[in-house]
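Single-letter residue listing:
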Amino acid sequence: MKTPGDIQIDLADGIATLRIANPARRNAVSSAMWHKIAAFAAELPERKDVRVIIIRGAGEQMFSAGADISDFATARSGEGQARAYDDLVESTCKAIEAIPQPTIGMIFGGCMGAGSSVAASCDLRVAADDAFFAVPAAKLGLGYDPRGIARFIRVFGAGATRQVLFTADRLPAMRAHALGAVHVVAPAGEVEARTMALAKQIAGNAPLTIKAAKAAIAAITTDDSDLLAQAEAFYAAADASADYAEGRKAFAEKRPPVFTGS
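Throughout what follows, the structure given in this document is the object of discussion. (Residues numbered from 1 in each chain as written. Predicted model: local features only at pLDDT ≥ 70, side-chain atom pairs only at ≥ 80, totals over all residues. Heavy atoms only, no water.)

Observations concerning the overall build of the protein chain
Piece 1. Counting its secondary structure elements, the protein chain contains twelve helices and ten strands.
Piece 2. A globule of 262 residues ought to have a C-alpha radius of gyration of about 18 Å, and the protein chain, at 19 Å, matches this closely.
Piece 3. Reported as C-alpha extents along the three principal axes, the dimensions of the protein chain are approximately 60 × 40 × 40 Å.
Piece 4. Counting all 262 residues of the protein chain, 47% fall into the buried class. (Helix = DSSP H or I, 4+ residues; strand = E, 2+ residues; numbered from the N terminus. Rg over C-alpha atoms; globule rule 2.2 N^0.38 Å. Buried < 20%, exposed > 50% of the residue type's maximum accessible area, 1.4 Å probe, protein only.)

Spelled out as structure tokens, the structure:
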């Protein structure tokens, strides 16, 4: 039996699903769970059996209520502890962003606080039409990490970020979709199927091409010269790959290509 307060990983047909599983606390993320997410992300660069990663909350009521506030009395009670805790959250979100495979956030219900940062760390987001994002820091009196604010701005824009942080109100998925932050909105009963269809479509494409494209997008949007050099290397590797030869051959033979990531 799976226990609450855990990170659950399933893998099928090249699609890994990471579940934030803490239903008793609305899928809030404890310190131990942040470490588990980061450890899983660190394993992925070398895994050819994983083409796409889906990140979701357990069940269909809540993506994540954010950081588990029950941790705060012992893990985030003073200035030094607060910084260390925020460093843990930020390093985990950066680990998600650094995953070379495409990541999709599957969002039911609320996506709150640091849960919004996890969702914003994904490449794509599919949300239920009644889902929402919220950062209630102003209702708790805690300072919200500027690095998390920067991530929110990159995905949702400065205007929406101001509204969410100043008012502590919810940002509905439909508005997030209009802002380009959510890529697909569907009725709750269709979200899982729509997410899996998107993941399968991506998983069927050439993984080295996607890896190179993801690296290039990250380099260009952050203006990072080191990332740009990495993207150039990935681009050259894709052009020299067996998958590129397979793609050309399949096109000539009028059949679907079979890509191996090599």
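Let us keep going from here.
A short note on the packing of helix H6 (residues 146–156) against helix H7 (residues 158–167)
Piece 1. Contact geometry of H6 with H7 gives a least axis separation of 7 Å together with a crossing angle of 130°. Relative to H7, the element H6 is oriented oblique. Residue-level contacts link Ile149, Phe152, Ile153 and Phe156 of H6 to Ala158, Ala160, Thr161, Val164 and Leu165 of H7.
Piece 2. Its residues assigned to classes, the contact of H6 with H7 comprises eight nonpolar, one polar and no charged. (Axes fitted to C-alpha atoms, helices over the stretch in contact; angles between N-to-C directions. Parallel < 35°, antiparallel > 145°, perpendicular 65-115°, else oblique. Contact = heavy atoms within 4.5 Å. Nonpolar A, V, L, I, M, F, W, Y, C, P; charged D, E, K, R; others polar.)

Quick word on the sheet that holds strand E10 (residues 184–186)
Piece 1. Pairing is mixed in the open sheet, where six strands are placed in the order E1-E2-E3-E5-E7-E10. Strands at the two margins of the open sheet, each flanked by one partner only, are strand E1 (6–12) and E10. Taken over all neighbouring pairs, the strand axes of this sheet differ in orientation by 20° on average, direction set aside. (Pairing = 2+ DSSP bridges.)

A short note on the layout of surface pockets
Piece 1. Approximately 1,100 Å³ is the volume found for the largest pocket.
Piece 2. Listed by contribution, the elements that provide at least two residues to the lining of the largest pocket are helix H3 (79–97), helix H4 (114–121), H6, helix H10 (207–222) and helix H11 (225–239).
Piece 3. Per-class residue counts for the lining of the largest pocket are 17 nonpolar, five polar and eleven charged. (1 Å grid on protein atoms, 1.4 Å probe; cavity = no way out; pocket = protein on both sides within 12 Å on 5 of 7 lines; lining within 4 Å. Points joined across faces, edges and corners; volume = space filled by probe spheres on them.)

Quick word on the side chain of Ser241
Piece 1. Tracing the chain through its elements places Ser241 in the loop between H11 and helix H12 (242–252).
Piece 2. Only 3.1 Å separates the side chain of Ser241 from the backbone nitrogen of Tyr244, close enough to count as a polar contact. (Polar contact = N/O pair within 3.5 Å; in protein donor to acceptor, adjacent residues only side chain to side chain.)

Focus on the pattern of salt bridges
Piece 1. As enumerated under the stated definition, the model contains 14 salt bridges in all.
Piece 2. Where Arg83 meets Asp87, a salt bridge forms, and the shortest distance between an N and an O atom there is 3.6 Å. One end of the pair is Arg83 and the other is Asp87, both in helix H3 and four residues apart, which spans about a single turn.
Piece 3. Close ionic contact of Asp145 with Arg147 constitutes a salt bridge, the shortest N to O distance being 2.8 Å. (Salt bridge = Lys/Arg side-chain N within 4 Å of Asp/Glu carboxyl O.)

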